[in-house]
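Chain by chain, the residues run as shown.
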Amino acid sequence: MNAPAAATPGAGELRDRVAALLAAHDPATTDRLDFLRARFDAGLAWIHFPEGLGGLGAPRSLQPVVDAALDAAGAPGNDPRRIGIGLGMAAPTILQYGTDEQKQRFLRPLWTGEEVWCQLFSEPGAGSDLAGLATRAVRDGDGWTVDGQKVWTSSAHLARWAILIARTDPDVPKHQGITYFVCDMTDPGVEVRPLRQITGEAEFNEVFLTGVRIPDTHRLGGVGEGWRVAQTTLMNERMAIGGTRVPREGGMVGVVARTWRERPELRTHDLHQRLLRLWVDAEAARLTGERLRQQLKRGRPGPEGSGMKLTFARLNQALSALEVELLAEDGLTYGDWTMVRPELVDFTGRDAGYRYLRAKGNSIEGGTSEVLLNIVAERVLGLPPEPRNDKDLPWKDLPR
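Residues numbered from 1 in each chain as written. Predicted model: local features only at pLDDT ≥ 70, side-chain atom pairs only at ≥ 80, totals over all residues. Heavy atoms only, no water.

> Would you take a moment to explain the overall build of the protein for this structure?
Each helix and strand counted, the protein has 11 helices and eight strands in total. A globule of 400 residues ought to have a C-alpha radius of gyration of about 21 Å, and the protein, at 23 Å, matches this closely. Along the three orthogonal principal directions, the C-alpha set of the protein runs to about 70 × 60 × 45 Å. For the protein, buried positions account for 48% of its 400 residues. Looking at the protein alone, contacts between residues at least 24 apart form 71% of all its contacts between residues at least 6 apart. Counting only carbon and sulfur atoms, one obtains 52% of the accessible surface of the protein, whose full area is about 19,200 Å². A distance of 4 Å separates the average location of the 49 positive side-chain charges in the protein from that of its 53 negative side-chain charges. (Helix = DSSP H or I, 4+ residues; strand = E, 2+ residues; numbered from the N terminus. Rg over C-alpha atoms; globule rule 2.2 N^0.38 Å. Buried < 20%, exposed > 50% of the residue type's maximum accessible area, 1.4 Å probe, protein only. Contact = heavy atoms within 4.5 Å. Areas by Shrake-Rupley, 256 points an atom, 1.4 Å probe, with all protein chains shown as cover. Lys, Arg positive; Asp, Glu negative; His and termini not counted. Charge placed at Lys NZ, Arg CZ, Asp CG, Glu CD.)

Rendered as structure tokens:
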């Protein structure tokens, strides 16, 4: 006779577990990293993850109960903006496709922020057409040798690990010959070069891989199944970018609305009408995001996240442009053009000029708006797909 399944923790039990954690590890006297490790081990990091992997198998919807109780006690956070790629992209992919050993090795230091992650997907010749990537991974004994170039890699200058897709079979169609790996960014042959952006900063990088050895134990999913594994990463990435929970008037719309209220001398009828339309759009996007997060509690991210990311990019660009116009000559100033390699993107904490320029990248990063429009059209609306004449051709025969 099978043993009865353990009951799923409810809100009351989660509060009790938080209280026990705080009693054993007082945030006022416990080292920040030690507290975060203890929180992970107590299953209070991602409560919907399995036990032993930072969770308790509890409903994702109860995570705010835990977060609120810890915030009220002054517990330290794990600085999610700094480690967003690990939290939003690497972790769910490792959870779904990783071996038990990979989950045990990577998830805890990923969540505590001890190890920063980056994403080695896009290439100079494979951005929108990601499946056309040319970085090669060749089997070499009990591992793989990787050669190629990646581009637009956020946080590569900080990262300890990277999620990487590479071509392992050039003789099959492009979507079929890709394999997914975890790459050690400190290994010989990994070179990171900064890419200075229109903002003056270099938050992105290009990464050159020359004879990089990756053990087969760092492969996620089967050989040749990298495209399927990558879809999990990409869907989670788009939800992480466009589906983040924000309060009413959070984000860019809040920045512009605050300026509108505090600077009445800047107001015009035309600017007022534009702000009202964008405010309504932002509120509709916020509520849509709440609905999608409720759907996410019952499963994994779907193509609807592409629509949220599209909306995020459009609103950020329209609102940052409106802010510059609203500020008139003050909107033309720019705080600092010093070339730095930042640890995070502080979008709302900067000046209007920075926001206007940085928002241009929102329609490129995390999937270009043009690609996402196709995804929404085909997978959400059910429209006929665009003709793809190269779909069944071996990758090696594709024109380049």
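Let us keep going from here.
> Would you explain the layout of surface pockets in this entry?
Empty space among the atoms becomes visible once a probe the size of a water molecule is rolled across them. If you add up the space inside the second largest pocket, you get close to 150 Å³. Around the second largest pocket sit 14 residues that line it, and Glu323, Leu327, Asp351, Ala352 and Arg355 are the ones nearest its centre. The set of elements that each furnish at least two residues to the lining of the second largest pocket consists of helix H7 (252–262) and helix H10 (352–358). Sorting elements by how many residues they give to the lining of the second largest pocket places H7 first, with four residues. (1 Å grid on protein atoms, 1.4 Å probe; cavity = no way out; pocket = protein on both sides within 12 Å on 5 of 7 lines; lining within 4 Å. Points joined across faces, edges and corners; volume = space filled by probe spheres on them.)

> Can you walk me through the pattern of salt bridges in this structure?
Note on pairing: side chains with opposite charge can pair once their charged atoms come close. Throughout the structure, instances matching the rule amount to 31 salt bridges. A salt bridge links Glu343 to Arg82, with the nearest nitrogen and oxygen atoms 3.2 Å apart. Residue Glu343 is located in the loop between helix H9 (304–326) and H10, and its partner Arg82 is located in the loop between helix H3 (63–72) and helix H4 (84–97); the two are separated by 261 residues in the primary sequence. Residue Glu343 is classed as partly exposed on the basis of its relative accessible area of 44%. (Salt bridge = Lys/Arg side-chain N within 4 Å of Asp/Glu carboxyl O.)

> Would you mind going over the packing of aromatic side chains with me for this structure?
Any pair of aromatic rings gets described here by the distance separating the centres and the angle formed by the planes. The final tally for this structure, using the stated rule, is 10 aromatic pairs. Each ring, one from Phe40 and one from Trp46, has its centre 6.2 Å from the other, and the planes form 75°; the classification is edge-to-face. Each of the two residues, Phe40 as well as Trp46, counts as buried. Grouping aromatic residues by their ring pairs yields a cluster made of Phe40, Trp46, Phe49 and Trp111. The ring of Phe208 carries the charged tip of Arg193 above its face, separated from the ring centre by 4.0 Å. (Phe/Tyr/Trp six-rings, centres within 6.5 Å; stacked < 30°, edge-to-face > 60°. Lys NZ or Arg CZ within 6 Å of the ring centre and 35° of its normal.)

> Can you help me understand the packing of helix H2 (residues 32–41) against helix H5 (residues 100–112) in this one?
Relative placement of two packed helices is described by the angle separating their axes and the distance separating the axes. Axis separation between H2 and H5 bottoms out at 9 Å; the angle between their running directions is 130°. In terms of their interaxial angle, H2 and H5 are classed as oblique. Both H2 and H5 take part in a crossing whose hand is right-handed. Only Leu107, Arg108, Trp111 and Thr112 of H5 make contact with H2, whose side of the interface consists of Leu33, Leu36, Arg37, Arg39, Phe40 and Asp41. (Axes fitted to C-alpha atoms, helices over the stretch in contact; angles between N-to-C directions. Parallel < 35°, antiparallel > 145°, perpendicular 65-115°, else oblique. Left-handed = near helix turned anticlockwise from the far one by under 90°.)

> Sorry if this is basic, but what is going on with the side chain of Glu206 here?
Looking at where Glu206 falls in the secondary structure, it is placed in strand E7 (residues 204–215). One buried charged residue, Glu206, remains without a salt bridge, the closest side chain of opposite sign being Arg193 at 4.7 Å. Within the structure, Glu206 has its side chain in polar contact with the side chain of Gln149 (distance 3.1 Å). Look past the residues within four positions of Glu206 in its chain and what remains in contact with it is Gln149, Lys150, Val151, Glu191, Val192, Arg193 and Leu195. (Polar contact = N/O pair within 3.5 Å; in protein donor to acceptor, adjacent residues only side chain to side chain.)

> Help me understand H7 in this model?
Side chains of residues three or four places apart in an α-helix project in the same direction, reflecting 3.6 residues per turn. Counting buried residues in H7 gives eight out of 11 residues, a clear majority hidden from the surface. Regarding H7, the residues found buried are Met252, Val253, Gly254, Val255, Val256, Ala257, Thr259 and Trp260.

> Is there a simple way to think about the environment of Leu95 in this case?
Counting through the fold element by element, Leu95 comes out in helix H4. Along the primary structure Leu95 and Phe106 are separated by 11 residues, whereas in three dimensions their C-alpha atoms are 9.9 Å apart. Leu95 has contacts with Phe49, Pro50, Leu53 and Lys103, leaving out every residue within four places of it along the chain.

> Can you help me understand unusual backbone geometry in this one?
In most cases, non-glycine residues show a negative phi, while peptide bonds are predominantly trans. In this structure, Ser155 takes a positive phi of about 65° despite not being glycine. A positive phi is found at Glu249, a non-glycine position, where the angle reads about 60°. Within the fold, Glu249 resides in the loop between helix H6 (226–242) and H7.

> How should the packing of helix H1 (residues 11–24) against H3 be read in this particular structure?
Closest axis-to-axis distance for the H1/H3 pair is 9 Å, and the angle between their directions is 35°. Crossing of H1 against H3: the hand is right-handed. Side by side, H1 and H3 meet where Ala11, Leu14, Arg15, Val18, Leu21 and Leu22 of the first sit next to Val65, Val66, Ala69 and Leu70 of the second.

> Which parts of the structure should I look at to understand the state of the cysteines?
Linking two cysteines covalently via their sulfur atoms produces the bond known as a disulfide. Under the definition given, this model contains zero disulfides. With no disulfide of its own, Cys118 lies closest to Cys183 among cysteine sulfurs, the gap being 7.8 Å. In this structure Cys118 comes out as buried when scored by relative accessible area, which is 0%. (Disulfide = S-S within 2.5 Å.)

> So what exactly am I meant to see when it comes to a nonpolar patch on the surface here?
There is a patch of nonpolar side chains on the surface, built from Val380, Leu381 and Leu383 and spanning about 270 Å² of accessible area. Here Leu381 is to be found in the segment after helix H11 (369–380). (Patch = residues over 30% accessible without salt bridge, like charges linked within 9 Å, V, L, I, M, F, W, Y side chains within 5 Å.)

> What's the story with H11 in this structure? I'm lost.
Ser369, Leu372, Ile375, Val376 and Ala377 are the residues of H11 that are buried. Looking one or two places after H11, you find Gly382, whose phi comes out positive at around 75°.

> Would you mind showing me how to read the environment of Met185 here?
Tracing the backbone through its elements, the reader meets Met185 in the loop between strand E5 (178–184) and strand E6 (190–195). With relative accessibility at 8%, the residue Met185 sits in the buried group. In this structure the C-alpha to C-alpha distance between Met185 and Thr338, which are 153 residues apart in sequence, comes to 26 Å. Discounting residues that sit within four places of it in the chain, Met185 has contacts with Cys118, Leu120, Ala156, Ala159, Arg160, Trp161, Ala162, Val190, Val192 and Val207.

None of the figures reported here should be taken as evidence of function without further support.
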